[in-house]
Amino acid sequence: MNVASDAHRFGRIDVDDLGHARRYRAMRVYGASKLANILFTYELARRLDGTGVTANCLHPAPSRRASAEQRPPRHRGHEAAAPVLPHPEQGAATAIYLASSPAVEGVSGKYFVDCREARSSGATYDTELTRRLWTPAPG
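Everything in this summary refers to the structure shown in the same document.

Rules and cut-offs
- Residues numbered from 1 in each chain as written.
- Predicted model: local features only at pLDDT ≥ 70, side-chain atom pairs only at ≥ 80, totals over all residues.
- Heavy atoms only, no water.
- Patch = residues over 30% accessible without salt bridge, like charges linked within 9 Å, V, L, I, M, F, W, Y side chains within 5 Å.
- Areas by Shrake-Rupley, 256 points an atom, 1.4 Å probe, with all protein chains shown as cover.
- Salt bridge = Lys/Arg side-chain N within 4 Å of Asp/Glu carboxyl O.
- Buried < 20%, exposed > 50% of the residue type's maximum accessible area, 1.4 Å probe, protein only.
- Helix = DSSP H or I, 4+ residues; strand = E, 2+ residues; numbered from the N terminus.
- Contact = heavy atoms within 4.5 Å.
- Polar contact = N/O pair within 3.5 Å; in protein donor to acceptor, adjacent residues only side chain to side chain.
- Phe/Tyr/Trp six-rings, centres within 6.5 Å; stacked < 30°, edge-to-face > 60°.
- Expected span 1.5 Å × (residues − 1).
- Core = buried A, V, L, I, M, F, W, Y, C linked by side-chain atoms within 4.5 Å.
- Lys, Arg positive; Asp, Glu negative; His and termini not counted.
- Charge placed at Lys NZ, Arg CZ, Asp CG, Glu CD.

### Re a nonpolar patch on the surface
- Together, Phe10, Met27 and Tyr30 make up a nonpolar patch on the protein surface, roughly 300 Å² of accessible area in all.
- Tyr30 sits in the partly exposed class, given a relative accessible area of 35%.

Structural data, given as structure tokens:
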């Protein structure tokens with residue numbers, strides 16, 4: 001199981017600039033990393049087909065985090081939203097579901113949101129991009 005994010009929807013992958021050296025934007029890079037998580041999961045599921053091993057990915061629900069004192073300074077300031085966010089147990093529900101529910105036994109190569117299969121962005125079905133990411137660079 002891989003934790004991705006709906007942020008994959010604004011991610012773009014340039015295989016010639018995987019480190020985003022030409023144009024680094026934090027949220028764009030985050031989205032690209034989550035897109036790569038999903039591409040990886042789908043290809044892994046294809047490669048594991050017939051083995052009995054499954055590979056799925058999920059979007060975690062937002063949840064309350066550690067108290068402000070436990071967070072790094074750059075992650076503070078979101079305390080106002082904490083009362084409306086679910087507890088971490090609720091945020092982890094989809095991961096727990098995928099790891100333990102008989103309902104998904106044998107299900108592989110899927111993206112889940114709120115304990116349900118969901119369609120990921122069109123970019124996650126780009127088999128040419130997936131092939132390029134799985135092919136080792138020459139040299």
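That was the structure; now back to the text.
### Side note on the environment of Ser108
- For Ser108, the position within the fold is in the loop between helix 3 (93-100) and strand 3 (111-113).
- Considering only alpha carbons, one finds Ser108 and Ala55, 53 residues apart in sequence, at a separation of 5.1 Å.
- Those residues within four positions of Ser108 in sequence are excluded, and the remaining contacts are Ala45, Val53, Thr54, Ala55 and Asn56.
- One polar contact links the side chain of Ser108 to the main-chain amide nitrogen of Ala55, over a distance of 3.0 Å.

### Re unusual backbone geometry
- The backbone of Asp114 sits at a positive phi, close to 50 degrees, despite the residue not being glycine.
- With respect to the helices and strands, the residue Asp114 is situated in the loop between strand 3 and strand 4 (116-118).
- For Asp114, a relative accessible area of 46% puts it in the partly exposed group.
- The backbone phi angle of Cys115 is positive, close to 65 degrees, even though this residue is not glycine.
- Among the structural elements, Cys115 can be located in the loop between strand 3 and strand 4.
- With relative accessibility at 28%, the residue Cys115 sits in the partly exposed group.

### Remarks on the packing of aromatic side chains
- Tallied over the entire structure, the rule returns three aromatic pairs.
- When the ring of Phe40 is compared with that of Trp134, the centres are 5.4 Å apart and the planes differ by 5 degrees; the resulting orientation is stacked. Taken together, the residues Phe40 in helix 1 (residues 26-48) and Trp134 in helix 4 (residues 127-134) connect sequence positions 94 residues apart.
- Its relative accessible area of 36% is what places Phe40 among the partly exposed residues.

### Describing helix 1
- Taking 1.5 Å of rise per residue, 23 residues should cover 33 Å, and helix 1 covers 33 Å from first to last C-alpha, within 8% of that figure.
- Every buried residue of helix 1 is listed here: Val29, Gly31, Ala32, Lys34, Leu35, Ile38, Leu39, Thr41, Tyr42, Glu43, Ala45 and Leu48.
- In this fold, the buried residues of helix 1 make contact with strand 1 (2-3), strand 2 (57-59), strand 3 and helix 4.
- Of the residues flanking the end of helix 1, it is Gly50, one or two places downstream, whose phi is positive at about 90 degrees.

### What to know about the nonpolar core
- Counting residues in each nonpolar core, the largest one holds six residues, listed as Ala4, Ile38, Tyr42, Cys57, Tyr111 and Val113.
- Broken down by secondary-structure element, the contributors of at least two residues to this core are helix 1 and strand 3.

### Observations regarding a positive patch on the surface
- Side chains of Arg12, Arg23, Arg25 and Arg28 sit close together on the surface and give a patch of like positive charge.
- Considering the arrangement of structural elements, one finds Arg23 in the loop between strand 1 and helix 1.
- For Arg23, a relative accessible area of 48% puts it in the partly exposed group.

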